[in-house]
Amino acid sequence: MQTQNHIAGRWCDAAAGDRFPVVDPADDGRIAEVPDSRAEDARAAVDAAQAAFAGWRAVPAKQRAALLKRWNDLLLRDQDRLGALISREQGKPLAEGRAEVAYAASYIEWFAEEATRANGEVIPAPVAGRRMLALREPVGVVAAITPWNFPAAMIARKIAPALAAGCTVVAKPAEDTPLTSLALVELAVEAGLPPGVLNLVCASRERTPEVVDVWLADDRVRKITFTGSTPVGKHLARESAATLKKLSLELGGNAPFIVFDDADVDAAVDGLMAAKFRNGGQTCVCPNRVFAQAGIHDRFVEQLAARVSALRVGPASRADSQIGPMINARAVEKIERHVQDALARGATAVAGGRRVRDEIAAGPHYFAPTVLTGATTDMLLWREETFGPVVPVFRFEREDEVIAAANDTPFGLAAYFYTRDLARAWRVADALESGIVGLNEGAIAAEAAPFGGVKESGYGREGSTHGLDDYLHIKYVCQGGLS
Ligand SMILES: NC(=O)c1ccc[n+]([C@@H]2O[C@H](COP(=O)([O-])OP(=O)(O)OC[C@H]3O[C@@H](n4cnc5c(N)ncnc54)[C@H](O)[C@@H]3O)[C@@H](O)[C@H]2O)c1
Ligand SMILES: O=C[C@H](O)CS(=O)(=O)O
């Protein structure tokens, strides 16, 4: 298990020698300790990335692609080991941990292919004697800051396009889940990544601002790519303005999930189960508010409650666990606060509604998969992202009413709706204010898709052919004297 920073091609402790613990959310048991970095370590990482940039950008794209392909193959070779590590430090069921490794690898494979397609343009000159070109060039040193909920996939979908574009990287994983990122960097080194191209520093929650503030202020860092909460995203946008860095912000969500009277209700329940309970609801694109039209509301709730009540809660060490522990005490406290607030304001729990602690779910961070009916817009879970296994159901009558409700949030990451009316499908897809729309589908994540939000869910796109653009800028070259 790799437990040191990686800077300039060397595995090393923090300069001050401090370390912090990484714990298993299933029981708060200590897994390992990793460096608790400070400003000195952050600067050393930028020094290394800057020193490596000229050489890395000069490597032919096909060679960069070959290295990424080797990295992809190594993740798949070690899928069981990495999946178990993800589940151990993040808590998700083992099957989800393994699936996340494949998901992370799919981004690396995708950008290995995209690396060789960063084509420029020759532009027809409007006047004689000139040759005009648009070149796509790597932006330079990229700082990547990632969350705990998908510790492999989130960092892979940042590092892969950055390296594909010819950028070099300094990265800081979430304090709750650094071990997965360290393991991925270890495999990148095994794949042949040159020293300084990819540098990773770990930091505790307390030391993270000190590390990231160095990167924000350093004008050698030309881009920040961040996935996490909207408040932190806004902080990074403010603080990076002084050196005008390029930004990609994948932030919080508050996804609506709408089921119309004309929907296939069975399919809608299947779609909600897939979208909502992946990673125990700790996913930025999880439905956070479910709207059921009056005609199918009761049938939909009855079917949903039965499915949710049957979900098995337990640690990743049990093969039959479907809902793992939440990441930490703060997460469970927020979920409990949302549920208790909703119940106090008139909601009814038709499934779950409380913490779980039994002989199987023996740790302190479990919450029962929950369905609340009678949800109203004065509840905390209306305006805040619960980030847990809680489904509040709001009843509605008309299409215009539910569109207004769905859009009544500062967030705009994902939205879902189920209908079999073709005209309604396009009316609603057009009207929803989100970067991602699931139409009769709850499982929308894929490396080929442009993933990102609007409004206060951020900007920039990860994955797809658009994902490389965030790591490139366009240089216009005009050659004269040719007539
Ligand atoms: N849009 C997406 O793709 C996406 C994906 C995953 C999570 N998220 C969002 O992230 C949130 C949950 O994840 P989280 O709790 O890890 O988010 P978070 O914002 O607390 O942390 C994300 C990262 O930012 C770092 N960070 C925290 N405070 C910082 C500061 N002051 N300066 C610099 N860095 C700081 C953390 O150490 C971590 O590495 C949710 O809102 C979720 O919706 C969004
Ligand atoms: O939590 C946020 C992730 O981006 C979700 S997904 O795995 O990309 O769908």
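The rules we used
Residues numbered from 1 in each chain as written. Chains lettered and ligands numbered in written order. Predicted model: local features only at pLDDT ≥ 70, side-chain atom pairs only at ≥ 80, totals over all residues. Heavy atoms only, no water. Helix = DSSP H or I, 4+ residues; strand = E, 2+ residues; numbered from the N terminus. Rg over C-alpha atoms; globule rule 2.2 N^0.38 Å. Buried < 20%, exposed > 50% of the residue type's maximum accessible area, 1.4 Å probe, protein only. Contact = heavy atoms within 4.5 Å. Areas by Shrake-Rupley, 256 points an atom, 1.4 Å probe, with all protein chains shown as cover. Lys, Arg positive; Asp, Glu negative; His and termini not counted. Charge placed at Lys NZ, Arg CZ, Asp CG, Glu CD. Pairing = 2+ DSSP bridges. Axes fitted to C-alpha atoms, helices over the stretch in contact; angles between N-to-C directions. Expected span 1.5 Å × (residues − 1). Near = heavy atom within 4 Å. Polar contact = N/O pair within 3.5 Å; in protein donor to acceptor, adjacent residues only side chain to side chain. Nonpolar A, V, L, I, M, F, W, Y, C, P; charged D, E, K, R; others polar. Domains from an automatic or database assignment. UniProt positions renumbered as here; feature names shortened; annotations may be inferred. Parallel < 35°, antiparallel > 145°, perpendicular 65-115°, else oblique. Left-handed = near helix turned anticlockwise from the far one by under 90°.

Helix and strand content of the protein chain: 14 helices and 20 strands. Scaling as 2.2 N^0.38, a compact globule of 483 residues should have a C-alpha radius of gyration of about 23 Å, and the protein chain matches this with 23 Å. In terms of principal-axis extent, the alpha carbons of the protein chain reach across some 75 × 60 × 40 Å. Going through the 483 residues of the protein chain one by one, you find that 58% of them count as buried. Look at the contacts in the protein chain between residues 6 or more apart in sequence, and 73% of them connect residues 24 or more apart. If you sum the accessible surface of the protein chain, you get close to 18,500 Å²; carbon and sulfur atoms cover 52% of it. On the protein chain, the mean spot of the 54 positive side-chain charges and the mean spot of the 62 negative ones are 4 Å from each other.

With that out of the way, let us pick up the sheet that holds strand E20 (residues 472-479). Spatially, three strands are ordered E5-E6-E20 in an open sheet, and the strand pairing comes out antiparallel. Among the strands making up the open sheet, the edge pair consists of strand E5 (121-123) and E20. Pairs of neighbouring strands in the sheet enclose a mean axial angle of 25 degrees, with direction left out of account. Across eight bridges, the pairing between strand E6 (residues 131-138) and E20 is antiparallel. Paired with Arg-131 across the strands is Gln-479, a residue of E20.

Attention now goes to helix H5 (residues 153-165). Helix length check: H5, at 13 residues, gives a terminal C-alpha distance of 18 Å against a target of 18 Å (1.5 Å per residue), a fit within 8%. With 13 of 13 residues buried, H5 is to be regarded as a mostly interior element. A positive backbone phi angle near 100 degrees is found at Gly-166, which sits one or two residues after H5.

As a matter of local geometry, ligand 1 sits amid 27 residues, with Thr-146, Glu-175, Ser-229, Leu-251 and Glu-385 nearest to it. Within the backbone of Gly-228, an N or O atom sits 3.2 Å from an oxygen atom of ligand 1. Between ligand 1 and Glu-385 there is a distance of 2.7 Å, counted from an oxygen atom to a side-chain nitrogen or oxygen. In isolation ligand 1 has 830 Å² of accessible area, and contact with the protein removes 88% of it. Considered class by class, the residues forming the shell around ligand 1 number 13 nonpolar, nine polar and five charged. Composition of the shell around ligand 1 by domain shows at least three residues from each of domain 1 (5-251 + 457-478) and domain 2 (255-439).

We now examine the site of ligand 2. All residues in the neighbourhood of ligand 2 are listed as Tyr-103, Asn-149, Phe-150, Met-154, Arg-157, Arg-278, Thr-283, Cys-284, Val-285, Ala-445 and Phe-451. Backbone polar atom of Cys-284 to an oxygen atom of ligand 2: 2.9 Å apart, as the coordinates give it. Across the complex, the protein chains shield 99% of the 280 Å² of accessible surface that ligand 2 would expose by itself. Considering only residue class, the shell around ligand 2 consists of seven nonpolar, two polar and two charged. Looking at the shell around ligand 2, you find at least three residues from each of domain 1 (5-251 + 457-478) and domain 2 (255-439).

With that settled, consider the side chain of Thr-227. In this fold, Thr-227 is placed in strand E10 (residues 221-227). Among the polar contacts listed, one links the side chain of Thr-227 to the side chain of Lys-158, at a separation of 2.7 Å. What Thr-227 contacts, discounting residues up to four positions off in sequence, is Ile-145, Thr-146, Pro-147, Met-154, Lys-158, Glu-250 and Glu-462.

Bringing the UniProt feature "active site" (unreviewed entry) in the protein chain into the picture now. Under the UniProt annotation, "active site" (unreviewed entry) lies at Glu-250. Note that Glu-250 resides in strand E11 (residues 246-250). Overall, the relative accessible area of 3% leaves Glu-250 in the buried class. If near-sequence neighbours (up to four positions away) are discounted, Glu-250 is found in contact with Lys-158, Phe-226, Thr-227, Gly-228, Leu-413, Phe-451, Gly-452, Gly-453, Ser-457, Gly-460, Arg-461 and Glu-462.

Taken in spatial order, the seven strands of this open sheet run E14-E15-E16-E13-E12-E17-E18, and their pairing is mixed. Looking at strand neighbours, the two that pair on one side only are strand E14 (348-351) and strand E18 (436-439), the edges of this open sheet. Recorded for the sheet is a direction-independent mean angle of 25 degrees between the axes of neighbouring strands. Note that strand E12 (residues 255-259) and strand E13 (residues 287-293) share five bridges and pair parallel.

At Asp-28, a position not held by glycine, the phi torsion is positive, near 60 degrees. Tracing the sequence through the fold places Asp-28 in the loop between strand E3 (19-24) and strand E4 (29-35). On the accessibility criterion, Asp-28 (40% relative accessible area) is partly exposed. Even without being a glycine, Ser-464 presents a positive backbone phi close to 65 degrees. Note on Ser-464: relative accessible area 2%, which makes it buried.

So, about helix H6 (residues 178-190). In this model H6 runs 19 Å from its N-terminal to its C-terminal C-alpha over 13 residues, within 8% of the 18 Å that 1.5 Å per residue would give. Among the 13 residues that make up H6, 10 are buried, leaving the element largely enclosed by the rest of the structure. Those residues of H6 not exposed but buried are Pro-178, Leu-179, Thr-180, Ser-181, Leu-182, Ala-183, Leu-184, Val-185, Leu-187 and Ala-188. Positioned one or two residues after H6, Gly-192 has a phi angle of 110 degrees, which is positive.

Summarizing the sequence annotation, UniProt attributes the feature "domain: Aldehyde dehydrogenase" (unreviewed entry) to residues 11-477 in the numbering used throughout. Secondary structure across residues 11-477 comprises 39% helix and 20% strand; the distance between its end C-alpha atoms is 41 Å.

We now examine the packing of helix H2 (residues 61-77) against H6. Contact pair H2 / H6: the axes reach a minimum separation of 9 Å and the direction vectors enclose 130 degrees. For the element pair H2 / H6, the angle class is oblique. Here the hand of the crossing between H2 and H6 comes out right-handed. On the side of H2, the interface is formed by Trp-71, Leu-74, Leu-75 and Arg-77, while H6 contributes Leu-184, Leu-187, Ala-188 and Glu-190.

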